[in-house]
Amino acid sequence: MQPVHVWIRSESRSTEQRAPVVPADVPLLLDAGFEVTVEESPQRIFSSDEYAAAGAFVVDEGTWTDAPDDAYVLGIKELPDAPDSLRHRHIFFAHAFKGQEGAQDTLKRFRRGEGRLLDIEYLTDEQGKRVVAFGYWAGYVGAALGVLHLADRLVAPLVPMAKHDLDTELEKAGQAGADQLLALVTGARGRSGRGAQRALMTAGLPITRWDRQETIDLHKQVLLGHDMLVNCVFTPTPTTPFVEQADLDHERRLSVLADVTCDVTGPTNMLPVNTEITTWQEPVRRLHDGDPEHASAALDVIAIDNLPSLLPREASEGFSTDLVPHLLGLAEEGGSGPWRAAGRAFDEAMARPDSRDGS
Ligand SMILES: NC(=O)c1ccc[n+]([C@@H]2O[C@H](COP(=O)([O-])OP(=O)(O)OC[C@H]3O[C@@H](n4cnc5c(N)ncnc54)[C@H](O)[C@@H]3O)[C@@H](O)[C@H]2O)c1
């Protein structure tokens, strides 16, 4: 049998410094008999030398288009716009199966080239739970930005950071008084909820933790009595929102919404007072000016949809730790369970009429 060949491509976004497999994990693949090729990348947080030292074969940026037919081309974010047809098996987050903007164009490229898309979002276990995600560091960065904003120490535009520097800033924010402010984490038991709590602990804020059980009967006045809400909920079905328009004029301590979930336009938006993401350039947006008459504070939102990219090293390391055992499953006949689940999601998306050319 041919060895499994994993080809780690360079990311096309210039701000994307993360890698799906870190150099330290390359030997795990090599020891299993895999072939590992890594493209040069000007922005990746790990150098090509580190990959070469780990035993990977380093090639020029963007040469995945010439990769052997049987290679799995691995990335994190979207492919560049060319070529028009895709003949390989690609592994990345494509956001192409739910009718998102540009989704049909992506699927048509696969149809033309007869390639396959194994979307990382659809790598799931028998219970349908995702097996690889960036949640923890999204929560960490989302909560950290909220603390820095509360402490008036958030500097825009945001740029990718080293965790040590971010933690130093969090500690300073805590010492400057943020450790007296009250934080509520919703979705506290999930991946991002746990990351959010870790960042809040670094700054020394007292934390209230709510997951499903604690929000069945929503104590709105308790919620509004916190200085910051870090929302880390993932729910597939619409549920009673946490903060609605009618809450804004109420007596309220709440002054920062750090929306890690960032489901701002969907039917499951738990914070419908906000319907737009914020950006690295302008991370904070004012939602309400506050009203002294009603003792309501000014309310700001941070809703950045690419938080883990701001801590590229840690996010890559955590992701690689989760992904590599599953990559090893590619050696199984037909791929291990999660790959078969991702393959089914692709087949279902391709079977929809609008993925065809001319539609
Ligand atoms: N902004 C970003 O850059 C970024 C990055 C990664 C993930 N995310 C998003 O963050 C969200 C959370 O991801 P995750 O990996 O932590 O998910 P997860 O499934 O690990 O955790 C979600 C948690 O929400 C809880 N929950 C569900 N409904 C609830 C409710 N009504 N009240 C309270 N808790 C409830 C669940 O029990 C679970 O503990 C997802 O929507 C994901 O897409 C955002």
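Residues numbered from 1 in each chain as written. Predicted model: local features only at pLDDT ≥ 70, side-chain atom pairs only at ≥ 80, totals over all residues. Heavy atoms only, no water.

## Things to note about the UniProt feature "binding site: NAD(+)" (unreviewed entry) in the chain
Next, step 1: The sites that UniProt annotates as "binding site: NAD(+)" (unreviewed entry) are Gly190, Arg191, Asp211, Thr215, Val260, Ile304, Asp305, Asn306 and Leu307. Across 118 residues in sequence, these annotated residues place their C-alpha atoms as far as 26.6 Å from one another, rather than forming a single compact spot.
Next, step 2: Inspection of the secondary structure puts valine 260 in the loop between strand 10 (256-259) and strand 11 (285-288).
Next, step 3: Setting aside residues up to four positions removed in sequence, valine 260 forms contacts with Ala138, Gly139, Gly142, Ser192, Val230, Asn231, Cys232 and Leu307.
Next, step 4: Looking at the secondary structure, you find leucine 307 in the loop between strand 12 (299-302) and helix 8 (312-328).
Next, step 5: The residues touching leucine 307, leaving out its near neighbours within four places in the chain, are Ala138, Val141, Gly142, Leu145 and Val260. (UniProt positions renumbered as here; feature names shortened; annotations may be inferred. Helix = DSSP H or I, 4+ residues; strand = E, 2+ residues; numbered from the N terminus. Contact = heavy atoms within 4.5 Å.)

## Description of the sheet that holds strand 5 (residues 89-92)
Two pairing modes exist for strands in a sheet, parallel and antiparallel, and in both the strands are linked by backbone hydrogen bonds.
Next, step 1: Pairing is parallel across the open sheet formed by six strands, whose spatial order is 3-2-1-4-5-6. With one partner strand each, in any of the chains shown, strand 3 (57-59) and strand 6 (116-119) form the two edges of the open sheet. For this sheet, the mean angle separating the axes of adjacent strands, direction not counted, is 25 degrees.
Next, step 2: Where strand 1 (residues 5-8) lies against strand 2 (residues 35-39), four bridges are found, and the strand directions are parallel. (Pairing = 2+ DSSP bridges. Axes fitted to C-alpha atoms, helices over the stretch in contact; angles between N-to-C directions.)

## Details of the domain arrangement of the chain
Next, step 1: Domain assignment breaks the chain into domain 1 (5-122 + 312-355) and domain 2 (135-310).
Next, step 2: On a C-alpha basis, the centroid separation for the pair domain 1 and domain 2 is 32 Å.
Next, step 3: The partner domain 2 presents nine residues to the eight residues of domain 1 that form the contact.
Next, step 4: Across the domain 1 to domain 2 interface the summed buried area is about 720 Å²; carbon plus sulfur atoms make up 56%.
Next, step 5: Its largest share of buried area at the contact with domain 2, domain 1 owes to Thr15, Pro312 and Glu314, together 56% of the area lost on that side.
Next, step 6: If you look at where domain 1 meets domain 2, you find zero salt bridges.
Next, step 7: In this structure, the connection of domain 1 to domain 2 is made through three residue pairs in polar contact (both at pLDDT 80 or more).
Next, step 8: A class-by-class count of the residues in the side of domain 1 that touches domain 2 yields two nonpolar, two polar and four charged. (Domains from an automatic or database assignment. Buried area = accessible area lost by both parts, 1.4 Å probe. Salt bridge = Lys/Arg side-chain N within 4 Å of Asp/Glu carboxyl O. Polar contact = N/O pair within 3.5 Å; in protein donor to acceptor, adjacent residues only side chain to side chain. Nonpolar A, V, L, I, M, F, W, Y, C, P; charged D, E, K, R; others polar.)

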